[in-house]
Amino acid sequence: MATHPHTPERYSQLKAVGLLIGGISSFQIGATLAKGLFPLFGPSGMVGLRVCLAAIILLTIWRPLPGQLNKKTLTLLLPYGLSIAVMNFCFYYALVRLPLGIVVALEFTGPLTLALTGSRRILDLCWASFVILGLYLLLRPESALHGSVHGLDPWGIAAALLSGCGWIIYILTGTRIGQTLPAALATTLGMSTAGLLLIPCLLPTLPLIFTHPWQGGAALSVAVLSSAVPYILDMMAMRRLKPRDLGILLSMEPMLGAISGLIFLGENLSSARWIGVLCIVTASAGNVLTSPRNTHH
């Protein structure tokens, strides 16, 4: 009987976990679908379609009210939207050259590095060493058939890491803009700003949409799966989960990316690179689990 009052809360938390995992999975499925459209639209065309269509979808749900936009907010919108544009452009550029799991893992080192920067705890050195080991296992050249050595595309690596840098700016600017606007509206305006910046990538794809309507519909699905659905599910999950639990679940994203690449794209990684992805996941989850609890929130 003593545990009965906690049953609704337990159910709410389990539902939130399912929503968050659903959001992460939706994003990965959208990424695999986008990769299949690269031969027609190219990575730049796909990022233009995805971000611009996502902005339109979000604007139909959340629109700013008169007085919500002030000079301070507008000043923050440019770097915030630019970070979203850079993140998405570099992510899709890297997908052309690298497996999905490796791209997600390399990109994830951006926010993970931000979380570990400035820490003086000895334990965080352990998590930093996991990041370094993971990067080494992911990036080192491997022997292929007939004794040849196969390395990852350097431009793909650079793009994935640059996407991670964009993620850092996104976090820093998003935190500031989130202090003046509701989270939903802030993301909508940020995505819209990114869409305006990526219009040159969108324009060349418009004739292709009319000549290839099926692929155009698939591009719309990418925008829904990779932006609208994950964001809505994440927002619903954040209302029920503590930041600590949220961070642990988000730490699984690189592993889910690798699994999605394997299932949907047939991108099987070597054992060493699977361990490298696991090292990144371990560092992220370990950092969240061992971080001092913030009692002020």
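Structural data are supplied above this passage.
This structure is a prediction, so every number in the text was calculated from the model and none was measured.

Chemist: Honestly, the environment of Gly174 in this entry has me stumped. Any pointers?
Modeler: Here Gly174 lies in helix α6 (residues 154-177). Residues Gly174 and Thr187 lie 13 residues apart in sequence; the distance between their C-alpha atoms is 8.1 Å. In this view, Gly174 contacts Tyr80 and Ile169; residues no more than four positions away in its chain are not counted.

Chemist: For this particular structure, what's the right way to read the side chain of Arg273?
Modeler: The residue Arg273 is located in helix α13 (residues 271-290) in this model. Since its relative accessible area comes to 6%, Arg273 is described here as buried. Of note is the side chain of Arg273, whose polar atom sits 3.1 Å from the backbone oxygen of Leu138.

Chemist: Would you take a moment to explain the state of the cysteines for this structure?
Modeler: Disulfide: a covalent bond formed between the sulfur atoms of two cysteine residues. Under the criterion given, the structure shown has zero disulfides. Not part of a disulfide, Cys165 finds its nearest cysteine sulfur in Cys90, a span of 8.9 Å.

Chemist: So what exactly am I meant to see when it comes to helix α4 (residues 100-116) here?
Modeler: Given a rise of 1.5 Å per residue, 17 residues ought to cover 24 Å, and the 24 Å separating the end C-alpha atoms of α4 matches this to within 8%. Of all the bends in α4, the greatest reaches close to 30° and is centred on Gly110; the proline Pro111 follows between one and four positions later. Counting buried positions along α4 gives 14 out of 17 residues, so the element sits mostly inside the fold.

Reading guide: rules and limits
- Residues numbered from 1 in each chain as written.
- Predicted model: local features only at pLDDT ≥ 70, side-chain atom pairs only at ≥ 80, totals over all residues.
- Heavy atoms only, no water.
- Helix = DSSP H or I, 4+ residues; strand = E, 2+ residues; numbered from the N terminus.
- Contact = heavy atoms within 4.5 Å.
- Buried < 20%, exposed > 50% of the residue type's maximum accessible area, 1.4 Å probe, protein only.
- Polar contact = N/O pair within 3.5 Å; in protein donor to acceptor, adjacent residues only side chain to side chain.
- Disulfide = S-S within 2.5 Å.
- Expected span 1.5 Å × (residues − 1).
- Bend = angle between axes of the 7 residues up to and from the residue.

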